[in-house]
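The residues making up each chain are set out below.
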Amino acid sequence: MDGLVVRLTQRSRLGDLDLDRLVFGEVFSDHMFAMAWRDGAWRDPEIVPYGPIPIEPGAMTLHYAQMAFEGLKAFVGVDGRVRVFRPDRNARRLRLSCRRMCIPEIDEDDFVAAVTRLVAIDRGWISDRPGHGLYIRPIVFSAESHLEVRPSNAYRFIVMTCPVGAYFRSGDSGLSLKVEDRFARTAPHGGVGEAKTSANYATTFAAGRLARDDGFDQVLWLDGSEHRYVEEAGLMNVFFKLGDRVVTPALNGAILPGVTRESIIALLADRGIAVEEREVAIDEIVGACDGGALEEVFVTGTAAVVLPVGRLNFRQRDLIPRRAGEASLTKSLHDELTGIQYGRIEDRHGWNHPVES
């Protein structure tokens, strides 16, 4: 990246890291990448010590939520090499999210270069423990101090990283999801459900908290129009194995096009298993459970990877998939995807982006 300035911290906090007490997203690495949009261009790329940034109370992002973000991971492989998983796909998705949110788009090559350089500098924060990695959070937001309701004229782009372990600890039983048929995650037509923007996440808090209060891990969202068709599971994409078929909700403008989702569909295709991307009515899932065809339910996401769902609850009725455990398709897909990410399995699709120290 042209003109990149690097200013390293004078005191690393790496020695304070306790991997035995690691909470997802709570501890941040030593450095962050930053650049600013002004006068019609992205300018002044730099890597600096992680820390607070100045922001005015009138900054438009605080008032109108004009922002977009991403989430991806880097891993230490069994060979000791560091790899970032599919950063090109996150770069493309952020560019499309920016377009939807009227934010100046970030060049995809610049995105990958920024992530790669930052990960190389903070490579020591990546644990080689099983299931661990470095979570990477790019975010772009409006920075102009102005209260007129319009797109901003100034923006900041920041990339930060944090060491992480498992996102969920659901055990062998899998996640429990409460089917949400009252609240809506996003507008069904013409909304911003397919953009990775902060407003999509704030709308999930109330239903998620109520579900956890009732003893569930997360919610299974239905569409915002009829509350009839399955969309996402919490903040993750969802798949159903119905007999010899695997189905998942089609990307309809209200569903985030997950990078892990795309990867799992490709791995299933490698096995000769076609995935039906279409509308999935919750009544179809109830009927499949009644008829014994609901074999597996699993969710996918950068943080969660691939996780089984052990129980759905729809209107006070439990829907239990028939199959789980070591012999399940879910476990096999999890092991294959993580095997690629950690370098245990050949990366035949070229998904891993190597990071040189």
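Residues numbered from 1 in each chain as written. Predicted model: local features only at pLDDT ≥ 70, side-chain atom pairs only at ≥ 80, totals over all residues. Heavy atoms only, no water.

Caption draft 1: Structural detail: the overall build of the chain. Each helix and strand counted, the chain has 8 helices and 18 strands in total. In terms of overall size, the chain behaves like a compact globule, its C-alpha atoms giving a radius of gyration of 21 Å where 357 residues would be expected to give roughly 21 Å. Structurally, the chain occupies a C-alpha span of about 60 × 50 × 35 Å along its principal axes. Counting all 357 residues of the chain, 51% fall into the buried class. Sequence-distant contacts, at least 24 apart, represent 70% of the contacts inside the chain between residues at least 6 apart. (Helix = DSSP H or I, 4+ residues; strand = E, 2+ residues; numbered from the N terminus. Rg over C-alpha atoms; globule rule 2.2 N^0.38 Å. Buried < 20%, exposed > 50% of the residue type's maximum accessible area, 1.4 Å probe, protein only. Contact = heavy atoms within 4.5 Å.)

Caption draft 2: Fine view of unusual backbone geometry. Positive phi, normally seen in glycine, also occurs at Arg86, with a value near 50 degrees. By the element assignment, Arg86 lies in the loop between strand 6 (82-85) and helix 2 (87-100). Given a relative accessible area of 7%, Arg86 falls into the buried group. Despite not being glycine, Val305 has its phi angle at roughly 65 degrees, a positive value. By secondary structure assignment, the location of Val305 is in strand 16 (residues 305-314). Its relative accessible area of 13% is what places Val305 among the buried residues.

Caption draft 3: The pattern of salt bridges, seen in detail. Under the counting rule described, the total for this entry stands at 31 salt bridges. Measuring nitrogen to oxygen at the nearest pair gives 2.9 Å for the salt bridge that ties Lys178 to Asp214. With Lys178 in strand 9 (residues 175-180) and Asp214 in the loop between helix 5 (205-213) and strand 10 (218-222), this residue pair connects regions lying 36 residues apart in the sequence. Since its relative accessible area comes to 48%, Asp214 is described here as partly exposed. One connected set of salt bridges, linked through shared partners, spans Arg95, Arg99, Glu105 and Glu108. (Salt bridge = Lys/Arg side-chain N within 4 Å of Asp/Glu carboxyl O.)

Caption draft 4: How the structure looks around the packing of helix 2 against helix 3 (residues 108-121). Where helix 2 contacts helix 3, the two axes come as close as 9 Å, and the packing angle between them is 130 degrees. As summarised for this structure, helix 2 and helix 3 are arranged oblique, according to the angle between their axes. Helix-helix and strand crossings are classified by hand; for helix 2 and helix 3 the assignment is right-handed. Contacts from Pro87, Asp88, Asn90, Ala91, Arg92, Leu94 and Arg95 of helix 2 reach helix 3 at Glu108, Phe111 and Val112. Grouping the amino acids of the contact of helix 2 with helix 3 by side-chain chemistry returns 5 nonpolar, 1 polar and 4 charged. (Axes fitted to C-alpha atoms, helices over the stretch in contact; angles between N-to-C directions. Parallel < 35°, antiparallel > 145°, perpendicular 65-115°, else oblique. Left-handed = near helix turned anticlockwise from the far one by under 90°. Nonpolar A, V, L, I, M, F, W, Y, C, P; charged D, E, K, R; others polar.)

Caption draft 5: Up close: the packing of aromatic side chains. According to the stated counting rule, one finds 10 aromatic pairs in the structure shown. With centroids separated by 4.9 Å and ring planes inclined at 65 degrees, the aromatic side chains of Phe75 and Tyr342 adopt a geometry described as edge-to-face. Taken as a pair, Phe75 in strand 5 (residues 72-76) and Tyr342 in the loop between helix 8 (329-341) and strand 18 (352-355) lie far apart in primary sequence, 267 residues in all. Taken individually, Phe75 and Tyr342 each receive the classification buried, so the pair is uniform in this respect. Between the aromatic rings of Phe239 and Phe298, the centroid separation amounts to 4.9 Å while the plane-to-plane angle is 5 degrees, which identifies the pairing as stacked. Of this pair, Phe239 sits in strand 12 (residues 237-242) while Phe298 is found in strand 15 (residues 294-301), placing the two residues 59 residues apart along the sequence. For Phe239, a relative accessible area of 0% translates into the label buried. When its relative accessible area of 0% is taken as the criterion, Phe298 is described as buried. Through a chain of ring-to-ring contacts, three or more aromatic side chains come together here, namely Phe33, Trp37, Trp42, Phe111 and Phe157. (Phe/Tyr/Trp six-rings, centres within 6.5 Å; stacked < 30°, edge-to-face > 60°.)

Caption draft 6: Main features of helix 3. Taking 1.5 Å of rise per residue, 14 residues should cover 20 Å, and helix 3 covers 20 Å from first to last C-alpha, within 8% of that figure. Those residues of helix 3 that sit buried are Phe111, Val112, Ala114, Val115, Thr116, Leu118, Val119 and Ala120. (Expected span 1.5 Å × (residues − 1).)

Any functional reading would require information that these geometric values do not contain.
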